[in-house]
Amino acid sequence: MFEDTFAAELATRVGSSVEVATDNNLIEGILSTVTAELVLVIDVSAGYGQNTKLYLSLDSINFIRFLVAA
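Our subject in this report is the structure included herewith.

Rules used in this analysis
Residues numbered from 1 in each chain as written. Predicted model: local features only at pLDDT ≥ 70, side-chain atom pairs only at ≥ 80, totals over all residues. Heavy atoms only, no water. Salt bridge = Lys/Arg side-chain N within 4 Å of Asp/Glu carboxyl O. Buried < 20%, exposed > 50% of the residue type's maximum accessible area, 1.4 Å probe, protein only. Helix = DSSP H or I, 4+ residues; strand = E, 2+ residues; numbered from the N terminus. Phe/Tyr/Trp six-rings, centres within 6.5 Å; stacked < 30°, edge-to-face > 60°. Lys NZ or Arg CZ within 6 Å of the ring centre and 35° of its normal.

1. Looking at the pattern of salt bridges
Link 1 in the chain: Considering all chains together, one arrives at two salt bridges under this definition.
Link 2 in the chain: Across the salt bridge formed by Glu9 and Arg13, the nearest N and O atoms sit 2.8 Å from each other.
Link 3 in the chain: Arg13 gets classed as partly exposed once you look at its relative accessible area, which sits at 34%.
Link 4 in the chain: Across the salt bridge formed by Arg65 and Glu19, the nearest N and O atoms sit 2.6 Å from each other. Of this pair, Arg65 sits in strand E5 (residues 63-66) while Glu19 sits in strand E1 (residues 17-21); the two residues are 46 residues apart in sequence, bridging distant segments of the chain.
Link 5 in the chain: With a relative accessible area of 13%, Glu19 lands in the buried category.

2. Considering the packing of aromatic side chains
Link 1 in the chain: Within this structure, the stated rule accounts for one aromatic pair.
Link 2 in the chain: The positively charged end of Arg13 is found above the aromatic ring belonging to Phe66, 4.3 Å away from the centroid.

Structure, rendered in structure tokens:
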């Protein structure tokens, strides 16, 4: 039940800069897509080349921090 509420709240914040923590990684990027089971974060690097798409299971997320542009 919590995952449904979590996914619904994240869906309202699509396009936000986020920092996502899992057990093994700390990922910074833009929240792109949210489904009932997955979150897509686009890791935007400062250099040239393509951005990395990271699909994360809602189960694997420990916390999400929304970053504010300075």
